[in-house]
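Residue-level listing of the chains:
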Amino acid sequence: MTTTNGTTEPAAAKDAPSSTDADDPIPAAAERLAKRLRPVIHPGIKALEKKTLASFAWERQGKRQSTAVVLKEVKDQRAGASNVIFTLAWQPKGGKEVEVQVNATITIQIQRGRTALLLQIRIYDGTRTVNLGRGESIPKWEAGEKNVVVFPYPSSAIGVERAGQVWFPKDPSSPVVTRELGIEGKATYGDLAPYWPHFSEKGWLVELPPLPAPLGEAMAKEVPESWGKTVLAFAIWAMVVQPFQQSESGDAEATVDPTTYGLPPVASYWPQRAVNLDPNRVYAELSKTLLLPWHLVAAACASLNAGKHVIFTGPPGCGKSKLAIALAQMVRNAEPVIATASPAWTAGDLVGRYLPRRDGKGLEFKPGFFLRAVESNRCLVIDEFNRANIDQCFGELFAVFAGDPVELPFEQALEDTVGPMAAVPATKTVDGMAAVDGAGATGDSDGNAITVPKEPRHATVRILPTTYTRRHGARPEEEGVAYRDYKVSPEFRLVGTMNDADRAQLHQLSFALLRRFDILRVEAPAPEKVKDFISDRITKISDTMDKAAYQFEGQGTKDLLQRLRAEYLEPLFSNVAPKSSSAQPFVDLVAERAIGLATVEDILRFLSEGLRSPSEGERVASGGVKEPGLAAGASYLAMGLVLSVFPQLDALDAVRRRAAIAHIVAIFHREGKGAPFVHIEGKRDDKTGKVTYQLVKPSARSFRPKDINKDNEISIAEYLIGELSLQYQDLGDDQWESLVRHAAGG
């Protein structure tokens, strides 16, 4: 049967005979529910005929407009039909009425052994499907459990959540002011209010009304009306979100123009600046966890607001990755897609590739990091950006960034494979239930027509930039071609990070790519800020491990940590007043960007663990070492430097590396050779089993560091130089000895 708008009315779907409950009770439960629902939909909708269902009022840039939706007509339902056809009329204020025909169907699908009870709404050339129940939820619903359903997110519908925020708010009793989005709007939905979907992070949520009574039993008249209202609310929702989605059929208009309904154009849901970060608010939020200069945050916000992508550079541990993730999350108010680049990356990792199906039946297209971020309307963060050959990986994305659509050499199954349903003859039965090629059906085995999901349609994968529309700029060869489109939101941003050591490789990125990125250097925080950071961490360590630390003669844990802070930690990492010199002084390891604050925190954690005793209050004998607590603490601090700082010295040029090494050695080489390198050794008494602890000074003969003054004792400075000499074997002994002489002279 052909309707007035040229669509084909689905053949009536008869209730299939159920299989035995012992085999699978779920299809039988779905059939019983379908029998209860189908008869009430038509009278429920008919009860609202000629009534105004909803109205929409909005204001944009001083212009006010409103429109209303009226149930114009409900067609008589022919005997045995499972679908209802009705006409909605949009009546814009001061505009022409627009009629839209809607076809609603309750149907059952059994696919891959799983049963679903579906409500399908067919408008124009598209079908929206909502799962009323699937699998185990069907008998639970039949048993009386409440049923909250989620209207599906339309595929390839960039910005559709904005319509959700404006017209389907969580709190329907108050107007939604969305001036940041560019419009202020409110929907009024009268009788449909109990079943009007409410937008949330999960989608559009609706609690379904009570189930109709089984056939032959009496029911209140409100039950059919409540189901009619539910179907009508779903139909209006489908029409509101339709303009955000590009049609996947080659012969159809790209989008439905919402202005014909009297609704705002899709573009008005975006502000003039798609990204609108307030640097003051962003800085206040980031300052809770990161020490960053204000001008860096301001520059990053300005770049992202201006439509640029950004790359943060800095030493390891400076907070650039946390900064990138935090900013990307603020741009979209959603967790970004995070990826770490590697030399093995190809365009397949970033865009997508064919991969084996889980069921082993051939290959299917799997989107890469970029397409996954675009499809979920999130930003993309690429850590260690330049570890991959980004120019090669970006490939087709250069054209997308330039504002051109790109067709990929891949095909992907379209997501609407559940519907529309196709009428086909029954060919066989399984346990009394008709099926075609093993697919579930809702018919019988007597040759009557049944409905089954049509075979999945595949389409060419295409990436559409923000500025692309079918109406303006379509190429002739697109006509009649189906596409699986990924639309890049105006808010999409790519945020990358790379270490200072990789900055020299920036020239390897093409100018085409660099032109679309701003390179932002993550500056070191001021020494005063680092000093406060160290003081705060030392205080926390003191409070958490006071009695849990080793006890040294004549020095408590808090006093020991404060001396380590003043004599070693601050000169190393937050040298507020460096010594004057005729040459430019090396300030400290953080200020000179050798390391970041995360590395400082790693060293402090290592130090605290080195001083933590196996059990509470273990005392350590001095072993003849002067100021044993300070010597032990400085030794563990030196070991922390070897583990966390020395590997990062490779990123410095030769001049800055030597200056950093000289700075470290000078801090530990004081009063002759400086503090001895020691470790804490425990010895167990064989008779009592008691363990005693004392400091031990390893001899040069049994230890690899360089004994520069040949006294068979190793100072902390000599230990550090010995470790460095193994790392930089191209330097001779005379050069290492000159560092010690220079430090002693300083």
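Residues numbered from 1 in each chain as written. Predicted model: local features only at pLDDT ≥ 70, side-chain atom pairs only at ≥ 80, totals over all residues. Heavy atoms only, no water.

Colleague: Can you help me understand the overall build of the chain in this one?
Modeller: For the chain, the helix and strand inventory stands at 19 helices and 30 strands. When the 746 residues of the chain are sorted by exposure, 51% land in the buried category. Within the chain, residue pairs in contact and separated by at least 24 positions form 67% of the contacts whose partners lie at least 6 positions apart. Accessible area of the chain: about 34000 Å², with a carbon and sulfur share of 50%. (Helix = DSSP H or I, 4+ residues; strand = E, 2+ residues; numbered from the N terminus. Buried < 20%, exposed > 50% of the residue type's maximum accessible area, 1.4 Å probe, protein only. Contact = heavy atoms within 4.5 Å. Areas by Shrake-Rupley, 256 points an atom, 1.4 Å probe, with all protein chains shown as cover.)

Colleague: Would you take a moment to explain the pairing of strand β11 (residues 203–207) for this structure?
Modeller: Remember that side chains alternate between the two faces of the sheet whenever the strand is regular. Note that strand β7 (residues 148–151) and β11 share four bridges and pair antiparallel. Its bridge partner being in β11, valine 150 is matched across the sheet by leucine 205. The sheet contact formed by strand β10 (residues 198–200) and β11 spans three bridges and is antiparallel. Residue pairing in the sheet places phenylalanine 199 in a bridge with tryptophan 204 of β11. (Pairing = 2+ DSSP bridges.)

Colleague: Sorry if this is basic, but what is going on with the side chain of glutamine 551 here?
Modeller: In this structure, glutamine 551 sits in strand β27 (residues 551–552). A distance of 2.9 Å separates a polar side-chain atom of glutamine 551 from the backbone oxygen of alanine 549. (Polar contact = N/O pair within 3.5 Å; in protein donor to acceptor, adjacent residues only side chain to side chain.)

Colleague: Just to check I follow, could you spell out the confidence of the model for the chain for this structure?
Modeller: Low pLDDT means the predicted atomic positions in that stretch should not be read closely. Looking at the chain as a whole, its pLDDT mean stands at 80, while 78% of the residues score no less than 70. In this model residues 1–22 is a low-confidence stretch, pLDDT under 50, and it forms 56 contacts with partners more than four residues away in sequence or in other chains. Under a pLDDT of 50 for its full length, residues 174–179 has, in the predicted model, 11 contacts with residues more than four places off or in other chains. (pLDDT = per-residue confidence, 0-100.)

Colleague: I would appreciate a short explanation of the pattern of salt bridges in the present structure.
Modeller: Between side chains of opposite charge, a pair can form as their charged atoms come close. Following the criterion strictly, the structure yields 23 salt bridges and no others. We note a salt bridge from aspartate 536 to arginine 537, for which the minimum N-O separation is 2.7 Å. Across the salt bridge formed by glutamate 609 and arginine 612, the nearest N and O atoms sit 3.5 Å from each other. On the accessibility criterion, glutamate 609 (48% relative accessible area) is partly exposed. Judged by relative accessible area, which is 31%, arginine 612 ranks as partly exposed. (Salt bridge = Lys/Arg side-chain N within 4 Å of Asp/Glu carboxyl O.)

Colleague: Mind showing me how you'd approach the packing of helix α14 (residues 557–573) against helix α17 (residues 654–668) here?
Modeller: Each pair of packed helices can be summarised by the angle the axes make with each other and by the distance between the axes. Orientation of α14 relative to α17, taken along the N-to-C sense of each, is 165°, at an axis distance of 10 Å. Relative to α17, the element α14 is oriented roughly antiparallel. Taken as a pair, α14 and α17 cross one another with a handedness that is right-handed. Across the interface between the two elements, Glu567, Tyr568, Pro571 and Leu572 of α14 pack against His663, Ile664, Ile667 and Phe668 of α17. Residue classes in the contact of α14 with α17 are distributed as six nonpolar, one polar and one charged. (Axes fitted to C-alpha atoms, helices over the stretch in contact; angles between N-to-C directions. Parallel < 35°, antiparallel > 145°, perpendicular 65-115°, else oblique. Left-handed = near helix turned anticlockwise from the far one by under 90°. Nonpolar A, V, L, I, M, F, W, Y, C, P; charged D, E, K, R; others polar.)

Colleague: How do you make sense of the packing of aromatic side chains when you look at a structure like this?
Modeller: Two numbers describe a pair of aromatic rings. These are the distance of the centres and the angle of the planes. A full pass over the atoms with the stated rule returns 24 aromatic pairs. Between the aromatic rings of phenylalanine 56 and tryptophan 90, the centroid separation amounts to 5.7 Å while the plane-to-plane angle is 25°, which identifies the pairing as stacked. Pair noted here: phenylalanine 56 is in strand β1 (residues 52–60) and tryptophan 90 is in strand β3 (residues 83–92), with a separation of 34 residues, a long-range link. Classification of phenylalanine 56 by relative accessible area gives buried; the value is 1%. Residues tryptophan 204 and tryptophan 237 carry aromatic rings whose centres are separated by 5.5 Å and whose planes lie at 65° to one another, so their mutual orientation is edge-to-face. In this pair, tryptophan 204 is assigned in strand β11 and tryptophan 237 in helix α4 (residues 222–241), connecting sequence segments 33 residues apart. (Phe/Tyr/Trp six-rings, centres within 6.5 Å; stacked < 30°, edge-to-face > 60°.)

Colleague: Where do I start with the sheet that holds β7 in this structure?
Modeller: As a general point, the strands of a sheet are linked pairwise by backbone hydrogen bonds and lie either parallel or antiparallel. If you trace the three strands from one edge of the open sheet to the other, you get β7-β11-β10, paired in antiparallel fashion. Each having just a single partner strand, β7 and β10 make up the two edges of the open sheet. Each strand axis lies, on average, 40° off the axis of its neighbour in the sheet, ignoring direction.

Colleague: Sorry if this is basic, but what is going on with the environment of alanine 298 here?
Modeller: Relative to the assigned elements, alanine 298 resides in helix α6 (residues 294–305). Residues alanine 298 and aspartate 278, spaced 20 residues apart in sequence, show a C-alpha to C-alpha distance of 8.4 Å.

Colleague: Before we go on, may I ask you to explain the nonpolar core in this structure?
Modeller: The nonpolar side chains of a soluble globular protein tend to be buried, and buried together. In terms of nonpolar packing, the biggest core is built from 71 residues, with Phe56, Phe86, Leu88, Trp90, Trp167 and Ile236 touching the most fellow members. The leading source of residues in this core is α4, at 13 residues. In terms of nonpolar packing, the next biggest core, distinct from the first, is built from 62 residues, Tyr568, Leu630, Tyr636 and Ile664 among them. (Core = buried A, V, L, I, M, F, W, Y, C linked by side-chain atoms within 4.5 Å.)

Colleague: Please clarify how the sheet that holds strand β29 (residues 679–684) should be interpreted in this entry.
Modeller: Here four strands make up an open sheet; going across it, the order is β27-β28-β30-β29 and the pairing mixed. Two strands close off the open sheet at either side, each with one partner strand: β27 and β29. Relative to strand β28 (residues 619–621), β27 runs parallel, the two sharing two bridges. Looking at β28, one finds that phenylalanine 552 is bridged to valine 620.

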